[in-house]
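Coordinates in review
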Amino acid sequence: NAGVTQTPKFQVLKTGQSMTLQCAQDMNHNSMYWYRQDPGMGLRLIYYSASEGTTDKGEVPNGYNVSRLNKREFSLRLESAAPSQTSVYFCASSQQGRGGYTFGSGTRLTVV
Amino acid sequence: EDQVTQSPEALRLQEGESSSLNCSYTVSGLRGLFWYRQDPGKGPEFLFTLYSAGEEKEKERLKATLTKKESFLHITAPKPEDSATYLCAVPSSGGSYIPTFGRGTSLIVHP
């Protein structure tokens, strides 16, 4: 099925470890987003990419980096994981300037 | 600053008891309002897009309406399988198309 694919689905890290969350979409969307979702906080934007070759910070970018590898793929990297980064991470995509947003199924990350 | 506020935060209904969820927004130049359903452990699933005041969309027991300041998601004769968190979002009023999400309404429908 067409949509947004995220890997991995679950991950446990130790404090200080690094990892990359992968996201790919096959809908030919221009824009891609990374959100984190925490209880009582809703969806908060970490980084977004309005189009291939551009990335910008969102509401909560500290501790994260992103790469828009090509039009399909947008990865999120934690260089030195902290317990405060324990969360559920969602990738989403949209056609720039119109239409709704399509979400992946999420990555549940625990940092111990 | 763009803002999206949803109410109530949580809602418990008996099966068949109709009700409405509210999403109020402050954004200049509305370019759409989106409703999503999110089940536990899953990503938000798109339900509706509304673009202009007076517009209505329906899907099974759900009907979304839009005014100039708010949107309502009406749930008619809900069933337990309608239990989920319902989110609304609006694209930002700036040049980007970044969505601002409300914190959602957690709906539980008891049999």
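Going by the structure above, here's the rest.
Report on the accompanying structure. (Residues numbered from 1 in each chain as written. Chains lettered and ligands numbered in written order. Predicted model: local features only at pLDDT ≥ 70, side-chain atom pairs only at ≥ 80, totals over all residues. Heavy atoms only, no water.)

**Regarding the side chain of T105 of chain B**
Residues and elements named next belong to chain B. Relative to the elements of secondary structure, T105 occurs in strand β11 (residues 105-110). On the basis of relative accessibility, which here comes to 0%, the residue T105 falls in the buried class. Only 2.6 Å separates the side chain of T105 from the backbone oxygen of P8, close enough to count as a polar contact. Discounting chain neighbours no more than four positions away, the residues touching T105 are Q6, S7, P8, E9, L11, L21, A84, T85 and Y86. (Helix = DSSP H or I, 4+ residues; strand = E, 2+ residues; numbered from the N terminus. Buried < 20%, exposed > 50% of the residue type's maximum accessible area, 1.4 Å probe, protein only. Polar contact = N/O pair within 3.5 Å; in protein donor to acceptor, adjacent residues only side chain to side chain. Contact = heavy atoms within 4.5 Å.)

**Some details on the sheet that holds strand β6 (residues 56-59) of chain B**
Residues and elements named next belong to chain B. The five strands are arranged β1-β3-β8-β7-β6 in an open sheet whose pairing can be described as antiparallel. Lying at the two open borders of the sheet, with one neighbouring strand each, are β1 (3-7) and β6. For this sheet, the mean inter-axis angle between neighbouring strands, taken without regard to orientation, is 15°. By the bridge criterion, five bridges tie strand β7 (residues 62-66) to strand β8 (residues 70-75) in an arrangement that is antiparallel. (Pairing = 2+ DSSP bridges. Axes fitted to C-alpha atoms, helices over the stretch in contact; angles between N-to-C directions.)

**Here's the deal with the interface of chain B and chain A**
The partner chain A presents 21 residues to the 16 residues of chain B that form the contact. For the pair chain B and chain A, the two sides together bury roughly 1,500 Å², of which 60% comes from carbon and sulfur. Joining chain B to chain A, the criterion identifies zero salt bridges. The tally of links from chain B across to chain A stands at four residue pairs in polar contact (both at pLDDT 80 or more). Ranked by the residues each element gives to the side of chain B that touches chain A, the list is headed by strand β4 (residues 33-38) of chain B, at three residues. In the side of chain B that touches chain A, the residues fall into ten nonpolar, four polar and two charged. (Buried area = accessible area lost by both parts, 1.4 Å probe. Salt bridge = Lys/Arg side-chain N within 4 Å of Asp/Glu carboxyl O. Nonpolar A, V, L, I, M, F, W, Y, C, P; charged D, E, K, R; others polar.)

**Points about the state of the cysteines**
Applying the stated criterion to the full structure yields two disulfides over all chains. Each sulfur in the disulfide pair C23 of chain A and C91 of chain A lies 1.9 Å from the other. As the torsion about the S-S bond is roughly -75°, the C23 of chain A-C91 of chain A disulfide counts as left-handed. Of the two residues, C23 of chain A is situated in strand β3 (residues 19-25) and C91 of chain A in strand β9 (residues 87-95); the sequence distance between them amounts to 68 residues. Across the pair, C91 of chain A and C23 of chain A agree in class, each one buried. Between the sulfur of C23 of chain B and that of C88 of chain B lies a disulfide, 1.9 Å long from S to S. (Disulfide = S-S within 2.5 Å.)

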